[in-house]
Amino acid sequence: MDYFVELFFSGLTRGSIYALIALGYTMVYGIIGLINFAHGEIYMIGAFTALIVSTVLSIFGFPLPAIIILTALAAAIWASAYGYTVEKLAYRPLRNASRLSPLISAIGMSIFLQNYVLLAQTPDFLPFPALIPDFDFMEPYAGFIGSSDLVILVTTTVIMILLTLLIKFTRTGKAMRATAQDRKMAMLVGINVDHVISITFILGSALAAIGGMLIASHIGQINFYIGFIAGIKAFTAAVLGGIGSIPGAVLGSFILGLTESFATGYVSSDYEDVFAFSLLVLILIFRPSGLLGKATIEKV
Amino acid sequence: MLSFKDFGRACVVALWFMVLTFPLMVIKVNPIDRVITWRWHNMVWVGVGSFLCYLASRAWQIHRDARLRRIRLGQEEEKEPLSRRILQNPSIYRPLLAAGALFFLAFPGLFSTYQTNIMITALMYVVLGLGLNIVVGVAGLLDLGYVAFYAVGAYAYALLNLHFGLGFWTVLPIGGLLAATFGILLGFPVLRLRGDYLAIVTLGFGEIIRLILENWNEFSHGPSGISNIPRPGFFGIQMSLDQSITYLYYLMIGMVLFTIFVVNRLQNSRIGRAWFALREDEIACQAMGIDKTRTKLTAFALGATWAGMVGVIFAAKTTFVNPASFTFLESAIILCIVVLGGMGSIVGVIIAALVLILLPEYLRAFSEYRMLVFGAVLVIMMVFRPQGIVANIRKTYRVEEG
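Each value, and the rule that gives it
- Residues numbered from 1 in each chain as written.
- Chains lettered and ligands numbered in written order.
- Predicted model: local features only at pLDDT ≥ 70, side-chain atom pairs only at ≥ 80, totals over all residues.
- Heavy atoms only, no water.
- Helix = DSSP H or I, 4+ residues; strand = E, 2+ residues; numbered from the N terminus.
- Buried < 20%, exposed > 50% of the residue type's maximum accessible area, 1.4 Å probe, protein only.
- Contact = heavy atoms within 4.5 Å.
- Patch = residues over 30% accessible without salt bridge, like charges linked within 9 Å, V, L, I, M, F, W, Y side chains within 5 Å.
- Areas by Shrake-Rupley, 256 points an atom, 1.4 Å probe, with all protein chains shown as cover.
- Salt bridge = Lys/Arg side-chain N within 4 Å of Asp/Glu carboxyl O.
- Buried area = accessible area lost by both parts, 1.4 Å probe.
- Phe/Tyr/Trp six-rings, centres within 6.5 Å; stacked < 30°, edge-to-face > 60°.
- Lys, Arg positive; Asp, Glu negative; His and termini not counted.
- Charge placed at Lys NZ, Arg CZ, Asp CG, Glu CD.
- Domains from an automatic or database assignment.
- Pairing = 2+ DSSP bridges.
- pLDDT = per-residue confidence, 0-100.
- Core = buried A, V, L, I, M, F, W, Y, C linked by side-chain atoms within 4.5 Å.

Attention now goes to the overall build of chain B. Helix and strand counts for chain B come out as 17 helices and 4 strands. Taken along the three principal axes of its C-alpha coordinates, chain B extends 85 × 75 × 50 Å. With 402 residues in all, chain B has 48% of them scored as buried. Sequence-distant contacts, at least 24 apart, represent 75% of the contacts inside chain B between residues at least 6 apart.

If you want it as structure tokens, here you go:
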């Protein structure tokens, strides 16, 4: 039973990280209908920025709470800047091109960013300092849930609530929903669509960067390739929940996280990635619109 | 012409990129020894580079807009692209073709075995490019797991040879067929989906195949791979290493010619026209009575067949296969060949494959930038020249006047 609980919590932790990344996919897809392949790379860049900033700050002798806050801020800001730039360079000029063009451009961007980090930093794994200390009050539960798991779960929950509030109740959120529903109509009622798309990329990137920082500090090492696998898995989660739907992305992420955790715990850890990919293929075959997505009929 | 405003903007762009790349390009930390290395010179490079890139793209934009305006006002005739002028004028392209043919036929005699080996690799990518061209370029299905079919072919030869002692020539068609079967098995459920889902499913499929090959030790010998695969035979004649490489070279030339022939005939066939039509507009296509799934499936299976056959040749060439040869990056390189060459264009794909594979071999100093450049090529081509270096020439009919 203890093993089961342990796997359950590790699945939840995984799921919340996937959720932070999957939201970026799903928001971008909802608004411009593009699978942003470079999103996984943004997450990786967020993790790298966090590593660099936190190491520099700790060498300069900052106290731990200051390091955590400044690192999270820096990672979110720089990752957003990357997301914004990627959209402007690689997707905006292709907005009216055929469906295939932005997709190829996105793959190109993903390969480019991966190799950019590889060349600018290092091809090796780098150890990531554990930013989150072990809390004393967590001592009795240490068997199945660690302090960093708790922090990840709490942070994700808070971010989800804030995001939902933002999308439901603010002007920007309304503009985003309007653009997602009908871009032309949104333009006609005076929404600056380019602006909304930029904001979507910025928000998605910031979430991914926070996810990157949390998971890197939880696992303890990063390299330039982490974004690729994490990206595909988060995408799987987004599709599982129904791409374009925000609660769907969260639900899909938790299902995927738990599935992976139990499958690796009880079956075999060699095939960890195979489970996720097979799940993706199966969903797309049997329910391409996802759990919470609406099946759309293409109209001429 | 470029105005002062453009220079001002270029400065802003340069500044933006300098700030953007600051943490990753300038700072390098070593978390264990707690040392920071500051690399300020990188910031200068980024600044100068982005400044010049912005100006260049701006100049190109101004030039294009001005030309488009002149064409619209009727001051200038729309120029036929250079590639088309060459391809449509027999007195230019025939000598070029003859020179090319002579060069490739004489290649093993003129250059060393090492060079021939590189050329074989390049030719393999030509065939892979042409194969993927059917799927991506002609039928418009973005396949990111193409390398999986290549792996199927390579492992088919390695395993059939290991267990049953089958020879190269027997396995060559088997490898092709096996890859086609995999293509159909994967394609059948997936091809009903929209284009972007297809991309991600094929990507996942490619990774699944690689992970299975890596982990299923009893079947594929795991990450260490299978070695001592025999080279292709020629009626049982014993050949030295040099001879067998030369032989493989000519075999590859034959393979390229065969591929060009088949792909060319296919493009103008009933099914080829259906592919082009499907790429342009699926709904209109279905309204015209084209079976969407079957047409897509044919493209998928045919593309996979080439990958399977080249896989067999790859196994025979290197005499060793392991899962590390079949990563996503390989698929990305082949996709890059198709995109750079021009989707649907045979000549373009051949040129692109030769350029993209041979250039990094001879510019060894820059080889680490290879994948960086490939990624950039994909983006730049899509933004500035989506039709590729040699635009595909569609069959056109002219109505004679009078």
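Now that the structure is up, let's keep going.
Residues and elements named next belong to chain B. Residues Val-347, Ile-351, Val-355, Leu-359, Leu-363, Phe-366, Tyr-369, Val-373 and Ile-389 make up a contiguous nonpolar surface patch of about 740 Å² in total accessible area. Per element, the largest residue contribution to the nonpolar patch is 4 residues, and it comes from helix 16 (residues 346-362). Along the chain, Ile-351 falls in helix 16.

Between chain B and chain A, the contact holds 56 residues from the first and 61 residues from the second. Taken over both partners, the interface formed by chain B and chain A buries close to 5,500 Å², and the fraction arising from carbon and sulfur atoms is 78%. Considering only the side of chain B, the residues that lose the most area to chain A are Leu-24, Tyr-197 and Ile-200 of chain B, jointly responsible for 13% of the buried surface there. At the boundary of chain B with chain A, the tally comes to 0 salt bridges.

Following the criterion strictly, the structure yields 31 aromatic pairs over all chains and no others. When the centroid spacing of 5.6 Å and the interplanar angle of 75° are considered together, the rings of Tyr-25 of chain A and Phe-235 of chain A count as edge-to-face. Here the residue Tyr-25 of chain A occupies a position in helix 1 (residues 2-32), and Phe-235 of chain A occupies one in helix 9 (residues 226-241), the gap between them amounting to 210 residues. Of the residues examined, Tyr-25 of chain A reaches a relative accessible area of 4% and is grouped as buried. Ring geometry for Phe-258 of chain B and Trp-306 of chain B: centres 5.6 Å apart, planes at 65°, overall edge-to-face. Taken together, the residues span a long stretch of sequence, with Phe-258 of chain B in helix 11 (residues 241-267) and Trp-306 of chain B in helix 14 (residues 292-318) at a distance of 48 residues. Residue Phe-258 of chain B is classed as partly exposed on the basis of its relative accessible area of 43%. On the basis of relative accessible area, Trp-306 of chain B is assigned to the buried category, the value being 4%.

Attention now goes to a positive patch on the surface. Residue and element names in this part refer to chain A. There is a patch of like positive charges on the surface, built from Lys-168, Arg-171, Lys-174 and Arg-177. In terms of residue count, the dominant contributor to the positive patch is helix 6 (residues 171-181) (3 residues). Tracing the chain through its elements places Lys-168 in helix 5 (residues 147-169). Classification of Lys-168 as partly exposed rests on a relative accessible area of 49%.

The next subject is the domain arrangement of chain B. Segmentation of chain B into domains returns domain 1 (4-73) and domain 2 (111-384). Centre-to-centre, using C-alpha coordinates, domain 1 of chain B lies 36 Å away from domain 2 of chain B.

Here we come to the environment of Gly-308 of chain B. All names here are of chain B. Its place among the elements puts Gly-308 in helix 14. Expressed as a C-alpha distance, the spacing of Gly-308 and Gly-175, which sit 133 residues apart in the sequence, is 5.2 Å. In this structure, Gly-308 is in contact with Phe-149, Gly-153, Gly-175, Gly-176 and Ala-179, ignoring residues within four places of it in sequence.

To continue, consider the pairing of strand 1 (residues 27-30) of chain B. Here strand 1 of chain B shows a clear split, with Ile-27 and Val-29 of chain B buried on one side and none of Lys-28 and Asn-30 of chain B buried on the other. What sits between strand 1 of chain B and strand 2 (residues 35-38) of chain B in their antiparallel hairpin is a turn of 4 residues, with Arg-34 of chain B showing a positive phi close to 55°.

Per-residue confidence for chain B averages 85 on the pLDDT scale, and 96% of its residues sit at or above 70. Across chain B, helix 14 of chain B holds the top mean pLDDT of 90, while helix 4 (residues 82-88) of chain B sits lowest at 71.

Moving on: the nonpolar core. Ranked by size, the top nonpolar core spans 224 residues in total, and within it Phe-37 of chain A together with Leu-142 of chain B carry the most contacts. For this core, the leading source of residues is helix 6 (residues 113-138) of chain B, giving 16 residues. Two domains share this core, each providing at least three of its residues, namely domain 1 (4-73) and domain 2 (111-384) of chain B. With sequence-adjacent residues up to four places away left out, Phe-37 of chain A is seen in contact with Tyr-25, Tyr-91, Leu-103, Ala-106, Ile-107 and Ser-110 of chain A together with Leu-144, Ala-199, Ile-200 and Leu-203 of chain B. Judged by nonpolar contacts, the second largest core, of 6 residues, contains Leu-7, Leu-12, Leu-153 and Leu-258 of chain A.

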